[in-house]
Amino acid sequence: MNMPGRNMIGEQPPHPSRNAGTRTERSGRAPNLAVSFEFFPPRQAEAVPAFWEAAADLAALSPRFVSVTYGAGGSTRDQTRDLVREIQARCSVPAAAHLTCVGGARAEIDAIADAYWQAGIHRIVALRGDPAGGIGAGYQPLADGYAYADSLVEGLARLHPFDISVAAYPETHPQAADSQADLDHLKRKVDAGATRAITQFFFDTDCFKRFLDRTARAGINVPIVPGILPIRNFAKVLAMADGCGTHIPAELRARFDALGEDAEGRRQLAFETALKQCEALRRTGVDHFHFYTLNQADLARDICAELGLVSPLEGYR
Ligand SMILES: Cc1cc2nc3c(=O)[nH]c(=O)nc-3n(C[C@H](O)[C@H](O)[C@H](O)COP(=O)(O)OP(=O)(O)OC[C@H]3O[C@@H](n4cnc5c(N)ncnc54)[C@H](O)[C@@H]3O)c2cc1C
């Protein structure tokens, strides 16, 4: 594996779970566990070296794929394209490009997708996307565009046999008429050719389990991969949750509030919260987690280590 710009063995920072001792054997890969990691194109040039460090760190865990988001309104089109290709080449992991209906005519989107295919990028996360103003802004399909994600999936599947992920909402998408309409829509995306659905982040594991039951009853028979968001900045997560309709349990809020400005305490709570969530989901049979990394590796890596997934390099430490 080509690790850009750093020596994994010599320069790795202290690993909290290593110091604390783990409940898992460091055998390199936990049985029946796959992970994927989501990144966004760094906004500033100064953030680029840290981005590659994080990507290399997580690529060492041999994820099923690493995905790169497409900015609201299609604002990162070129950066996403360049980064997806570079990640696959530099980190030797399958990369998935997020692609949205927003802001592009069908022909334009088809051309982007075709270029991905030709470049060896065969995984797409296909989304309606949010307008430039964010999820709260009104959405108006373009007359010559793909209106919703189901038609985008259909278009992509017609072009090439892509591996297509779509979004799913255990707590219902905020703009859906109701939860049944949202579920019906997810079914249309799957019927159009989606390989799996990745969920919006959530903290209510029971809600996810109910959602799994509902998808099964609806005949949605692709994997529903939980999207895990380790809480790096609680205030920001509150704002994001508000926008996308994710419920924040009162107890979680109280525990973060009680920690005030204690950065290490907050980090530990973030780690424990996400780990507990993953462990509870594992017990229900989940075998693939998608981590929203926010371009930082440490929490996702430490959680993976506790789940028994470590880099082969670390396995020999
Ligand atoms: C895993 C994941 C990754 C994401 N990555 C990105 C990203 O890279 N870039 C980005 O901009 N956003 C991203 N998002 C956010 C996503 O774009 C927003 O949540 C967006 O508001 C909906 O996208 P969708 O693909 O779920 O839309 P859709 O599946 O098209 O659904 C959107 C809404 O429209 C409703 N709907 C569907 N069809 C119809 C119809 N025919 N008539 C009326 N209503 C209909 C649905 O019920 C839902 O409420 C991501 C979300 C997830 C969960």
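Whatever comes next refers back to the structure up there.
These numbers come from a predicted model, not from an experiment. (Residues numbered from 1 in each chain as written. Predicted model: local features only at pLDDT ≥ 70, side-chain atom pairs only at ≥ 80, totals over all residues.)

Chemist: What should I look at first to understand the overall build of the chain in this one?
Modeler: On a plain count of helices and strands, the chain comes out with 13 helices and eight strands. A total of 317 residues make up the chain; the buried ones form 39% of that total. The contacts in the chain between residues at least 6 apart in sequence include a share of 82% that link residues at least 24 apart. (Helix = DSSP H or I, 4+ residues; strand = E, 2+ residues; numbered from the N terminus. Buried ≥ 20, exposed ≤ 12 C-beta atoms within 10 Å, placed from the backbone. Contact = placed C-beta atoms within 7 Å.)

Chemist: When you look at the pairing of strand E1 (residues 34-39) in this model, what are you seeing that I'm missing?
Modeler: Within a regular beta strand, the side chains point alternately toward one face of the sheet and then the other, so they alternate between its two faces. With five of its six residues buried, E1 lies for the most part within the structure. One ladder, built from five bridges, connects E1 with strand E8 (residues 288-292); its direction is parallel. What sits directly across from valine 35, in E8, is phenylalanine 289. Relative to strand E2 (residues 65-68), E1 runs parallel, the two being bridged by four bridges. Across the sheet, residue phenylalanine 37 finds its bridge partner in E2, namely valine 66. For the crossover that starts at E1, traverses helix H3 (residues 48-59) and ends in the parallel E2, the hand is right-handed. (Pairing = 2+ DSSP bridges. Right-handed = clockwise from strand over helix to strand, strands pointing away.)

Chemist: What exactly am I supposed to notice about the site of the ligand here?
Modeler: The ligand sits among 24 residues. The nearest are Thr69, His98, Arg128, Ala167 and Ala176. Within the residue set of the shell around the ligand, elements represented by two or more residues are strand E3 (95-100), strand E4 (123-127), helix H7 (179-191) and strand E6 (196-201). Residues belonging to the shell around the ligand are distributed by class as follows: eleven nonpolar, nine polar and four charged. (Near = placed C-beta within 6 Å. Nonpolar A, V, L, I, M, F, W, Y, C, P; charged D, E, K, R; others polar.)

Chemist: It is not clear to me how the pairing of E6 should be interpreted in this structure. Could you clarify?
Modeler: By the criterion of burial, E6 is predominantly enclosed, with five of the six residues buried. Running through H7, the crossover from strand E5 (residues 163-168) to the neighbouring parallel element E6 is right-handed. Across three bridges, the pairing between E6 and strand E7 (residues 224-228) is parallel. Bridge pairing in E7 places alanine 197 opposite isoleucine 224. Traced from E6 through helix H8 (residues 205-217) to E7, the parallel crossover comes out right-handed.

Chemist: What should I look at first to understand the sheet that holds E3 in this one?
Modeler: Backbone hydrogen bonds are what pair the strands of a sheet, in a parallel or an antiparallel way. Strand order in the closed barrel formed by eight strands is E1-E2-E3-E4-E5-E6-E7-E8, and the pairing between neighbours is parallel. Across the sheet, the mean angle from the axis of one strand to that of its neighbour is 30°, orientation sign disregarded. Taken together, the two bridges between E7 and E8 define a ladder with parallel strand orientation. Bridge pairing links isoleucine 228 to phenylalanine 291 in E8. Against the sheet, helix H4 (residues 77-91) touches E2 and E3, its axis set at about 165° to E3. (Axes fitted to C-alpha atoms, helices over the stretch in contact; angles between N-to-C directions.)

Chemist: Would you take a moment to explain helix H12 (residues 298-306) for this structure?
Modeler: Given 3.6 residues to a turn, an α-helix orients residues that are three or four positions apart in the same direction. Burial analysis of H12 places eight of its nine residues in the buried class, the great majority of the element. For H12, every residue scored as buried is listed here: Leu299, Ala300, Arg301, Asp302, Ile303, Cys304, Ala305 and Glu306. Once H12 ends, the next one or two residues include glycine 308, with phi positive near 100°.

Chemist: Mind showing me how you'd approach the packing of helix H10 (residues 250-259) against helix H11 (residues 263-283) here?
Modeler: For any two helices packed against each other, the geometry is given by the interaxial angle and the distance between the axes. Axis separation between H10 and H11 bottoms out at 9 Å; the angle between their running directions is 160°. Here H10 lies roughly antiparallel to H11, going by the angle between them. Once H10 is placed against H11, the crossing between them reads as right-handed. Along its contact with H10, which presents Leu252, Arg255, Phe256 and Leu259, the element H11 presents Gly265, Arg266, Leu269 and Thr273. (Parallel < 35°, antiparallel > 145°, perpendicular 65-115°, else oblique. Left-handed = near helix turned anticlockwise from the far one by under 90°.)

Chemist: Which parts of the structure should I look at to understand the packing of helix H6 (residues 149-159) against H7?
Modeler: Packing of H6 against H7 leaves a shortest axis separation of 8 Å and a crossing angle of 5°. With respect to each other, H6 and H7 are oriented roughly parallel. Facing Ala149, Asp150 and Val153 of H6, the residues of H7 in contact are His185, Arg188 and Lys189. Across the contact of H6 with H7, the residue classes tally to two nonpolar, one polar and three charged.

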